[in-house]
Amino acid sequence: MSAQHAHGWTPPAMPTPLPGAASDAGLRARDAWRCLRAACAPFRTGTLFQALPDVRFWRDGARLRAPGTRLPGRGDRSAGAWRTRLQADDSAAVSLRVDEPLLVDTVLWDAAHALLQAAWGADTVPVLPVQAALTLQGGSDDPPWHWPAGHARLVAVLDGRLWTAGGEEVGAGDALWLPDGARVWHSDGAFTLVLTIAVDAATVRAATRSATQAMLLRLLDREWEDDGQVTMLPYPPASSPRGIRPMPGLRALARVAGAAPLHATLSDAVAVEAALRASGLGLTPRPMAAPAPLRGMDSVRLRPSGIVRLRIDGTCWLVAVNGHALVAEDTAPWRRLWSMLCHGGAERGRPAAGSTHRVDALTGRGRDAADLREWLDALHAAGGLRVEGAG
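Residues numbered from 1 in each chain as written. Predicted model: local features only at pLDDT ≥ 70, side-chain atom pairs only at ≥ 80, totals over all residues. Heavy atoms only, no water.

A full pass over the atoms with the stated rule returns seven aromatic pairs. Aromatic side chains W334 and W338 sit 5.5 Å apart centroid to centroid with 10° between the ring planes, which places their arrangement in the stacked category. Of this pair, W334 and W338 are both found in helix α8 (residues 332-342), four residues apart, which corresponds to roughly one turn of the helix. Each member of the pair W334 and W338 is classed as buried. Note on W338 and W375: the rings are 6.3 Å apart at their centroids and 80° apart in plane angle, and the pair reads as edge-to-face. (Phe/Tyr/Trp six-rings, centres within 6.5 Å; stacked < 30°, edge-to-face > 60°. Helix = DSSP H or I, 4+ residues; strand = E, 2+ residues; numbered from the N terminus. Buried < 20%, exposed > 50% of the residue type's maximum accessible area, 1.4 Å probe, protein only.)

Right, let's talk about the sheet that holds strand β17 (residues 385-389) for a bit. The strands making up a sheet are joined through hydrogen bonds of the backbone, oriented either antiparallel or parallel. Ordered by their spatial adjacency, three strands build an open sheet running β16-β12-β17, and the pairing between neighbours is antiparallel. Of all strands in the sheet, those with a lone pairing partner are β16 (357-358) and β17, marking the two edges. As judged from the four bridges shared by strand β12 (residues 299-302) and β17, these two strands associate in the antiparallel manner. Its bridge partner being in β17, V300 is matched across the sheet by V387. (Pairing = 2+ DSSP bridges.)

A few words now on the environment of V98. Residue position: V98 is located in strand β4 (residues 94-99). The exposure class assigned to V98 is buried, which follows from its relative accessible area of 0%. Taking the C-alpha atoms as reference points, V98 and L36, separated by 62 residues in sequence, lie 6.9 Å from one another. Setting aside residues no more than four positions away along its own chain, V98 makes contact with L36, A39, C40, P53, D54, V55, A132, A133 and L134. (Contact = heavy atoms within 4.5 Å.)

The next subject is helix α2 (residues 29-40). Counted at 1.5 Å a residue, the expected span for α2 with its twelve residues is 16 Å, and the 16 Å between its end C-alpha atoms agrees. Taken as a whole, α2 has its buried residues at D31, A32, W33, C35, L36, A39 and C40. (Expected span 1.5 Å × (residues − 1).)

Relative to the 21 Å expected for 15 residues at 1.5 Å per residue, helix α4 (residues 106-120) spans 21 Å between its end C-alpha atoms, a close match to the ideal helical length. Burial in α4 covers these residues: L108, W109, A111, A112, H113, L115, L116, A119 and W120. Between a side-chain oxygen at the N-terminus of α4 and the backbone nitrogen of V107 the separation is 3.1 Å; the capping residue is D105. Positive phi shows up at G121, right after α4, with a value of about 90°. (Polar contact = N/O pair within 3.5 Å; in protein donor to acceptor, adjacent residues only side chain to side chain.)

Attention now goes to unusual backbone geometry. Residues apart from glycine generally show negative phi values, whereas peptide bonds are mostly found in trans. Residue P53 is reached from L52 by a cis peptide bond, and omega for that bond is -5°. Inspection of the secondary structure assignment puts P53 in the loop between α2 and β2 (54-59). One non-glycine residue, E100, lies in positive phi territory at about 55°. Structurally, E100 is set in the loop between β4 and α4.

The antiparallel open sheet is built from eight strands, whose spatial order is β1-β9-β6-β11-β5-β4-β2-β3. If you trace the sheet from one side to the other, it starts and ends with β1 (16-18) and β3 (62-64), each paired once. This sheet shows a mean twist of 25° between the axes of neighbouring strands, independent of strand direction. Bridging between strand β6 (residues 151-159) and strand β11 (residues 190-198) involves eight bridges; their strand directions are antiparallel. Residue pairing for β11: A152 is matched across the bridge by I197. Running over the sheet, helix α3 (residues 79-87) touches β2, β4 and β5 (131-137) and is turned about 135° from β4. Across the sheet, α4 lies against β1, β5, β6, β9 (175-178) and β11, angled at about 60° from β11, the strand it touches most. (Axes fitted to C-alpha atoms, helices over the stretch in contact; angles between N-to-C directions.)

Glancing now at the pattern of salt bridges. The final tally for this structure, using the stated rule, is 18 salt bridges. Linking R303 and D110 is a salt bridge whose minimum nitrogen-to-oxygen distance equals 3.7 Å. Of this pair, R303 sits in the loop between β12 and β13 (307-311) while D110 sits in helix α4; the two residues are 193 residues apart in sequence, bridging distant segments of the chain. Using a relative accessible area of 22% as the deciding quantity, one classes R303 as partly exposed. According to the relative accessible area criterion, D110 is partly exposed, its value standing at 23%. Via salt bridges that share partners, D54, R56, R97 and D99 belong to a single interconnected network. (Salt bridge = Lys/Arg side-chain N within 4 Å of Asp/Glu carboxyl O.)

So, on to the environment of D200. With respect to the helices and strands, the residue D200 is situated in the loop between β11 and α5 (201-223). Looking at D200, the relative accessible area reads 33%, which means it is partly exposed. Distance in space between the C-alpha atoms of D200 and H151 is 6.6 Å, their sequence separation being 49 residues.

Locating Q137 in the fold gives a position in strand β5. On the accessibility criterion, Q137 (1% relative accessible area) is buried. Once the C-alpha coordinates of Q137 and D188 are considered, the two residues, 51 residues apart in sequence, prove to be 6.4 Å apart. With residues near it in sequence (within four places) discarded, Q137 still touches V94, S95, D142, P143, P144, W145, H186, S187, D188, G189 and A190.

For any two helices packed against each other, the geometry comes down to the angle between their axes and how far apart the axes lie. Taken N-terminus to C-terminus, the directions of α8 and helix α10 (residues 369-381) make an angle of 40°; their axes are 11 Å apart at the nearest point. By the angle between their directions, the pair α8 and α10 is classed as oblique. The two elements α8 and α10 cross, and the hand of that crossing is right-handed. From α8, P333, W334, L337, W338 and L341 reach across to α10, where they touch L372, W375, L376 and L379. (Parallel < 35°, antiparallel > 145°, perpendicular 65-115°, else oblique. Left-handed = near helix turned anticlockwise from the far one by under 90°.)

Next up, the structure:
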């Protein structure tokens, strides 16, 4: 199941412009450039393999595996300044793509999350991950990269312009829904954030099956105690009307796989994964910030757009925050704190935004106050709290 199956969302059948959607979500070229430059920094000293974010560089359509200082650096204040630096020595057209840049920038992550929320509308979430990429296209030819089949794209234009096959023009600050396989043309130097979402039924089924298998294998590894010995079939085979006896290790594994507790654990794991995916709208988890610890006089407010609460057993709650999991014991002090934060929305899966509260009023002065303060610090680091005023 993917986003199109959740609450009736229908993937776009034709290019659909969303005027002003990127700027309304807070997407700015300067923020995206800062993120792109940070992602490029480790690649300037050599090629990295299986790294995220992943940086790819092309010169006149040919990919350079080790572009070195051709990549943006601290001295390149903007995409235009970077291109001017390269063109001073080389007139070739250069293109740049950074996959999963949201892993390194909270500002860009928040803006991308807001764009998805506005583009989908309320209560629509993807079940499969949403992939993000920053692209900077040089020249007027087609981009040297390809997008995965079976995916729609939500493109936010940060700088430059795009044109669809129907002649529609999309400029900086706008966004554009593109169906699977749709082609667009870029202006020279067009700078975009591209979010890809699985929409093809076969693609969704295959990815969902793989994710479920991986989850089941992780649970089996946890439940099944392997003795570390290689089990062999007897030789010569035992003569029996029923044929060769099964290996003891396989029989033990089958018992674990068929046990009811494992099925319940798998059901819980799927629910937790769904809550985490819903809280981040399918994006990679928001980068954990390292803010200063909250002080008692600080005034804070809940940021509910990226929060989903789930009861995981009789004693704990899972609070999924922008793709991160926070666990809270179901105690009276925590329930009081949560009710104050939500201001009447505590019983909903997605909490409501409450009023502003001082931290010391939320934690109280009981023996749980230190633990509650630590929990609020973790909620703040995951992006679930906004500090409205410092004491």
